[in-house]
Amino acid sequence: MSTPDHTTHDAEEDQRNKDIKIYVNGDIVHRDKALVSVYDSGFMLGDGMWEGMRLHNGVWAFFDEHMDRFYASCKSVSLSINLSRSALLDELNRTARANKMTHNVHCRLMLTRGIKDKPFQHPKLSRSGPTLVMILEHSKPVDSLHSTGIRLATVPQVRGLPMSQDAKLNSHSKLNCIIACLQAEQAGADEGLMLDPHGFVNTTNACNFFIVRKGEVWTSTGDYCMNGITRDKVIQLCKKNYIPIFEKNFSSYEAYGADEAFLTGTFGAQTPVASIDGKQIGNGERPITERIQSLYKKLILKHTNSRKPEN
């Protein structure tokens, strides 16, 4: 069995991350002092929601879209944020300033139901209020992610039905995806390609999945995958730039025979897929993927330039 070469979150080594300051419930402290209780509901039960965002040129990319998802997820599980969107943005910016960060930054924003009175499940045992954490890191994807591509393995772990655990909830409870990631690693791949409950290709354990066939871009219906912000931006870019795009059911047969395949996510944007289950995807050329990557970079630049704060 070969060992995985990459994860989709491989970043360039940056020594500055050893001394980052982390936001914990209003305090900004050195990472070595950023602590939460063992009684915290996120640690104890995975009871919380998170959001991943990137800071480009001093602007949080697609902040409104990320907050739409974050606030909707928290509301769906009766998790109080206790901050308005503008107040949350102020705290994000305060943490970035404390770290002297403006560009190539990734944020893991996490909210849990807070410290529990007793180590049991019931949400009412979390009586002291939520725990809010912001981890900002200097984070730039390694070049080899785009040049070499990711190796996928189809895994037996599937994406669940909405009535079991809706994939649109970006929850701390990621065990389903972690199992898929372990299965892929044990198969010698970098990431797991997960099917939906009906056997159609859906997503990977960490990213949304696209294929290109005869000039057409295909992705899943979206019924069982995370409602990715980057996924949605790629769909919009394709429509705007007359690239045929279809959200549809398709099988492994059609994925194996694709001319190109790529993943989307906030960290890596669009990451090419080199192979699925040991089968090379296409002939190594990626004209549609590269065009989408270029369009996305221009979108990020336009978006951040239009939202730069005035001096």
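Residues numbered from 1 in each chain as written. Predicted model: local features only at pLDDT ≥ 70, side-chain atom pairs only at ≥ 80, totals over all residues. Heavy atoms only, no water.

1. A few points about the pattern of salt bridges
- With the rule as written, the count across this model stands at nine salt bridges.
- Here Arg16 ties to Asp14 by a salt bridge, and the two come within 2.7 Å at their closest N and O atoms.
- For Arg69, the salt bridge is made with Glu51, and the minimal N-O distance between the two is 2.4 Å. Residue Arg69 is located in helix H2 (residues 63–76), and its partner Glu51 is located in strand E3 (residues 48–56); the two are separated by 18 residues in the primary sequence. In terms of burial, Arg69 and Glu51 fall into one category: buried. (Salt bridge = Lys/Arg side-chain N within 4 Å of Asp/Glu carboxyl O. Helix = DSSP H or I, 4+ residues; strand = E, 2+ residues; numbered from the N terminus. Buried < 20%, exposed > 50% of the residue type's maximum accessible area, 1.4 Å probe, protein only.)

2. Focus on the side chain of Arg159
- Positionally, Arg159 belongs in the loop between strand E7 (150–154) and helix H5 (162–165).
- For the buried residue Arg159, which engages in no salt bridge, the nearest side chain bearing the opposite charge is Asp166, 7.9 Å off.
- Side-chain polar atoms of Arg159 contact the backbone oxygen of Tyr224, separated by 3.3 Å. (Lys, Arg positive; Asp, Glu negative; His and termini not counted. Polar contact = N/O pair within 3.5 Å; in protein donor to acceptor, adjacent residues only side chain to side chain.)

3. Digging into the sheet that holds strand E6 (residues 131–138)
- Read from one edge to the other, the open sheet built from six strands follows the order E2-E1-E6-E5-E3-E4, with strand pairing classed as antiparallel. For this open sheet the edge positions go to strand E2 (27–30) and strand E4 (59–60), each flanked by a neighbour on one side alone.
- Across eight bridges, the pairing between E3 and strand E5 (residues 105–112) is antiparallel. Bridging across to E5, Met53 finds its partner in Cys107.
- In this fold H2 packs onto E3, E4 and E5, with an angle of close to 175° to the strand it touches most, E3. (Pairing = 2+ DSSP bridges. Contact = heavy atoms within 4.5 Å. Axes fitted to C-alpha atoms, helices over the stretch in contact; angles between N-to-C directions.)

4. Quick notes on the packing of helix H7 (residues 229–240) against helix H9 (residues 287–306)
- Axis separation between H7 and H9 bottoms out at 10 Å; the angle between their running directions is 105°. Considering their axes alone, H7 and H9 lie roughly perpendicular with respect to each other. Seen from H7, the contacting residues are Thr230, Lys233, Val234, Leu237 and Cys238; seen from H9, they are Ile292, Leu295, Tyr296 and Leu299.
- Split by residue class, the contact of H7 with H9 holds seven nonpolar, one polar and one charged. (Parallel < 35°, antiparallel > 145°, perpendicular 65-115°, else oblique. Nonpolar A, V, L, I, M, F, W, Y, C, P; charged D, E, K, R; others polar.)

5. Focus on the nonpolar core
- Residues Phe70 and Leu109 are the most contacted members of the largest nonpolar core, which totals 29 residues.
- Ignoring any residue separated from it by four or fewer positions in sequence, one finds Leu109 in contact with Met49, Trp50, Glu51, Met53, Met67, Phe70, Leu88, Leu132, Val133 and Met134. (Core = buried A, V, L, I, M, F, W, Y, C linked by side-chain atoms within 4.5 Å.)

6. Considering the packing of aromatic side chains
- Taken as a whole and judged by the stated rule, the model has five aromatic pairs.
- Taken together, a centroid distance of 6.0 Å and an interplanar angle of 90° make the contact between Phe70 and Tyr71 edge-to-face. An identical accessibility class is assigned to Phe70 and Tyr71; each is buried.
- When the centroid spacing of 4.9 Å and the interplanar angle of 5° are considered together, the rings of Phe210 and Phe262 count as stacked. Of the two residues, Phe210 sits in strand E10 (residues 208–213) while Phe262 sits in strand E13 (residues 260–265), which places them 52 residues apart along the sequence. Pair check on accessibility: Phe210 and Phe262 agree, each one buried.
- Taken together, the ring pairs connect Phe209, Trp218 and Phe250 into an aromatic cluster.
- The aromatic ring of Tyr71 is capped on one face by Arg85, whose charged end is 5.3 Å from the ring centroid. (Phe/Tyr/Trp six-rings, centres within 6.5 Å; stacked < 30°, edge-to-face > 60°. Lys NZ or Arg CZ within 6 Å of the ring centre and 35° of its normal.)

7. Things to note about the layout of surface pockets
- In this model, the second largest pocket occupies a volume close to 590 Å³.
- Every residue lining the second largest pocket is counted, 27 residues in all, and those nearest its centre are Arg54, His56, Asn104, Ala269 and Lys297.
- Per element, the largest residue contribution to the lining of the second largest pocket is six residues, and it comes from H9.
- Here the residues of the lining of the second largest pocket sort into eleven nonpolar, twelve polar and four charged. (1 Å grid on protein atoms, 1.4 Å probe; cavity = no way out; pocket = protein on both sides within 12 Å on 5 of 7 lines; lining within 4 Å. Points joined across faces, edges and corners; volume = space filled by probe spheres on them.)

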